[in-house]
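# Understanding the architecture of this molecule
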Amino acid sequence: MPKNNITALKKTFNDLLKKENDFFNFAGDSLVDGLWCWNLLHPERGYINGKFSQLLGCTSSSNIAIEIDFLSLVHVEDLDRMQSSCQSLLTNSCKKPLNIDIRLKHEDGHYIWLNLRGNIVADESPDFQVLIGAALCIHKYIESEKQLKVNKNYYKNVIKGANIGVWEGNLVTGMVKCNERWADIVGYTLSELQPLTRADFMRLVHPEDVDQINGTLEKHVRAKGIYEIEFRMLHKMGHWVWVLSRGEVTQYRLNGLPEIVSGIHYDITGRKTNEILLKKYKNLFERSSEAAKIGYWEVDQEERTIFWSKVARQIHGVSEEFSPTLEKGLDSYLEGKHRDRLKLIVDKALLAPMEFDEQLQLKTQDGHIKWVRVIGVSEHRGNARAKLYGLIQDIDEIKKVQLEIRFREEQFRQTFNHSAIGMALINNENKLLRANKSFCQIFGYDEVELRVMDLVNIAHQDDLKVNRKYIEELFHGIHKFIKLEHRFIHKNGSVIWANISMSAIHNDKGDVIHFVSQVQDITDRKHNELLLAHNADIMQRINEAVRIGIWELDLADKTVYWSPTIKKMVGVAEDYVPTLEEVYPFFLEGEHREIIIESLRLAMDEGKGFDRELKVVTKTNKVFWSRTIAIPEVVNGECVRLYGFFQDIDEATRTTRELAIKEEELRQTFEHAAIGMIVIDLNGRLRKANPKICEILGYGEKEILEKTVLDFVHPEDAETARVQFERTIATHVGFKMEKRCRHRNGSYIWIYEAVAAVKNDKGELMHFVAQIQDISDKKQLTENLTEHNNRLINFAHIVSHNLRSHTSNISMLLDLALQEDPNMVKNEYYRKIKLVSDNMNETIHQLSEIVEINSKVSSTLTSQNLLKSVQKSIKTVDPIIKKNNAKIHLKVETDINVLAVHAYMESIILNLITNAIKYRSPERLPELKITGGIKGEYAFLSFEDNGLGIDLDRHGSKLFGMYKTFHSHAEARGIGLFISKNQIEAMGGKIEVESEINKGTKFTAYFRIVL
């Protein structure tokens, strides 16, 4: 490019910035984020203003043209689109100005999304084809749109994964909406049931349950809250399906009456079937319960008797002569929540049929406190209560182990929640979509760098050869989850070891949408992690709960009965019926099988019962320890039947190993956390500190442990910190706060502190775990930005006030001159000066109103009813409407309330109504449709007219500009739409426009909804 043309381009851009300095300063502050120009024939040459330069991370203190190389800043994926758009402008194939969303490179290396708008400015020189325009940063909107899509898919997957029927009923119209799963529960497709009404639904309900449903709904409407009910529905195949329904009123009419009821349906047919089986096997269970050391109890309301089995008495620590009563039984439970809980359950069970399974503490007669498991079922006949019966089991040792594990888990969870593990989302092309801070710290890159790079390039090539096959199989859907140990190359060139867990995330169609990767740096503790991974794999194969089954051997007809629980434990089908010969192979070959064979032989031949702990092999060759108890039934000296109990007793081993793993995980997390962590006792002394907190404060661990938590606090923050610590001890609730702490070198640093209270199984406070981050740099930046913003606001007010003073003085002098000489009005110069003065006063008034928009809005936002606001404005302009024979069609929902400034809301509506009438078409009578409703997170208000319309291709970019007019109307000033747009945006909303010449225009304003 000739040197003189380069100079001309720069000079032209600088002159433009200086000449229109006031407007560009205003536009740069309020409307756009930068101005730019670009020589299309020599794309390496371009200029931007100071604000644009700052947006890209460069330092500029003046609003002069700054030379840049546009081609080096445009993201490589956007470069073709940018060049194609510019080429269209050059060849005149595109009549529209440039309007494109692209990414430009920031000074620190990451890319930001910008909307560039501009047009060509040409002169006589063929080498002077310049594109000049404005830039608007849209980075946060692009990122928000991506996150919104992720959230939408997440909630769809949750509903589908929960496998529940979802429904919504309109109490006014009687119509019912439901999802496909709801229809599937009763054997239909959704299309077969639509349209579905409440009458259709009630026809599917069992006749005996109709009154119960109606009564529950009526009671719920009065009491509000969530209701729950179980009832039967007729399946398409003719059988009855039991359904658990939960719901609540989710929408009320303006008069306070309910309108919409929403809820879920869950198929509980299996559970109801089990209730029937429970009665069938009750007698059999009673005969085996004593051998299994499980007590049986019963409350017979008809006979007014209380029964405790022998084992139940032993658990309570009473003699055989003890006569139990319901009151004595309840009083034996530990006073407080345990006794209150059981009393509440028993009261409910005596009122209506129910099941319960509770773990509570009781106090035996000799004062010993133990944990027991109480299982019960209430039986009713008609409306009268009949029996309440169940089991009681001593679970004291198991419960104590479980409580210890639960405490360890809570301690680990508190620590883990405030720590960070490396996590990332990766697309199907192995490109990073998102990563957390720890993920970036592990590899040494920031998130922007990781997004643009191929992750294969940071993988250690030797490990990539070994693991590539598994990663590719995951990407091709062969595996749903992989876990690998892999080496990577850190940004500084060092080699790090990482434990990688990757799993595929699918949408509702089964397609992979992305992969989740979890990364832990195991460079310094690889050997320990190998041991932890091995133990975790073992724990996954251990059952999580104790399972008890019943068996019976009838020697007369040689039949064997197994309860469903036993069949599930050994991995056979529910309809499987074993023979005696088929039972033996389920016990481990060798000693264990020989013991069971011999024990059964002695039981059948000599009537000897047994209690054996043996290894069992399932159908899938899984081996576990079991306890088998046999009770012989002898008639006339001959054993005719054996029955007993079969139990999985692996839980003790499982709980012990789980506790060890949790303790090791807690220790490793504390030592290698990426943030500072300390343990504080109830006296405020530091009991444990990790290396990171030593680094933040500059002290060694031994020095830190010699101090209290208040020794590090800045004197001005000391009292606040002391009060907060005492409050935390009193309330047992953690806190988060920012404060200053003294570094070892004597300086003070700002920290962000998150403190969690750790309690034992009794709810007693033991100590605190605090996590600390150094936020000194972020704190300083926030203070600088706040101070700068306040200076800009004060400047705008001063300029507005001073200009208003001068224009008022000019108007006053003109009025005084006219009073002194009335003939002055005939002077042409006077009239012109008067006109200029009036226009200047109007302009200053408008500019003052614009300056005040953002400063007033935060303190005057109130709830405004959308419909009432529109109706009031229509009444205000009713004379104008009648004068122009205009028709207004209003359709706005009555219960929409928005957050707005009353004056702004009235101004916006009046401006849009009068504009529709003002710019009417001479070919037809004016009509205006005003509609309102809810769209996403906003309430919208649309004004659609049949007037002249606006050429958006020509005027779209300046439609809401100050003093921009698009028709030759005598009253057009070009300020109304500008002020309306600023008022809407100041209240947190937005405005959109659609228009077609000679057909009409539609403005849609969006407002925040009152929650």
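In this text the structure is predicted, and so the values were computed from the model without any measurement. (Residues numbered from 1 in each chain as written. Predicted model: local features only at pLDDT ≥ 70, side-chain atom pairs only at ≥ 80, totals over all residues. Heavy atoms only, no water.)

## Brief notes about the overall build of the protein chain
In terms of helices and strands, the protein chain carries 34 helices and 39 strands. The 1011 residues of the protein chain split such that 41% are buried. A sequence separation of at least 24 residues applies to 52% of the contacts in the protein chain between residues at least 6 apart. Accessible surface, the protein chain as shown: approximately 56500 Å² in total, 52% of it carbon and sulfur. (Helix = DSSP H or I, 4+ residues; strand = E, 2+ residues; numbered from the N terminus. Buried < 20%, exposed > 50% of the residue type's maximum accessible area, 1.4 Å probe, protein only. Contact = heavy atoms within 4.5 Å. Areas by Shrake-Rupley, 256 points an atom, 1.4 Å probe, with all protein chains shown as cover.)

## Regarding the sheet that holds strand β9 (residues 196-197)
The six strands are arranged β9-β8-β7-β12-β11-β10 in an open sheet whose pairing can be described as antiparallel. The sheet terminates laterally at β9 and β10 (227-234), the two strands that pair on one side only. Looking at chain direction, strand β8 (residues 175-178) and β9 are connected through two bridges and run antiparallel. Within β9, the position partnered with Val176 by the bridge is Leu196. Across the sheet, helix α10 (residues 210-223) is in contact with β10, β11 (240-252) and β12 (258-267); its angle to β10 comes to roughly 155 degrees. (Pairing = 2+ DSSP bridges. Axes fitted to C-alpha atoms, helices over the stretch in contact; angles between N-to-C directions.)

## As for the nonpolar core
If you look at the biggest cluster of nonpolar residues, it comprises 36 residues, and the most contacted ones within it are Leu866, Ile913, Ile930, Leu941 and Phe1007. Of all the elements, helix α32 (residues 902-918) adds the most residues to this core, at nine residues. Other than its neighbours up to four places away in sequence, Ile913 contacts Ser873, Ile874, Val877, Ile888, Leu928, Ile930 and Phe943. Listed in part, the 26 residues of the second largest apolar core include Ala424, Ile442, Ile458 and Met502. (Core = buried A, V, L, I, M, F, W, Y, C linked by side-chain atoms within 4.5 Å.)

## Quick look at the pairing of strand β39 (residues 1000-1008)
Counting buried residues along β39, seven of its nine residues qualify, which places the element largely inside the surrounding structure. Sheet analysis places strand β37 (residues 938-945) next to β39, joined by seven bridges and oriented antiparallel. Looking across to β39, one finds that Ser942 is bridged to Thr1004. Bridging between strand β38 (residues 990-996) and β39 involves seven bridges; their strand directions are antiparallel. Counterpart to Glu992 in the pairing with β39 is Thr1004. Where β38 hands over to β39, the hairpin turn is made up of three residues, of which Asn998 adopts a positive phi near 70 degrees.

## Focus: the sheet that holds β39
Here five strands make up an open sheet; going across it, the order is β34-β36-β37-β39-β38 and the pairing mixed. Of all strands in the sheet, those with a lone pairing partner are β34 (887-892) and β38, marking the two edges. Geometrically, the sheet is characterised by an average inter-axis angle of 15 degrees between neighbouring strands, direction not taken into account. Where β34 lies against strand β36 (residues 927-935), six bridges are found, and the strand directions are parallel. Within β36, the position partnered with Lys887 by the bridge is Glu927. Sitting on the sheet, α32 touches β34, β36, β37 and β39, and the angle it makes with β37 is about 25 degrees. Contacts between helix α34 (residues 976-986) and the sheet are confined to β38 and β39, with β39 contributing the most and set at about 25 degrees to the helix.

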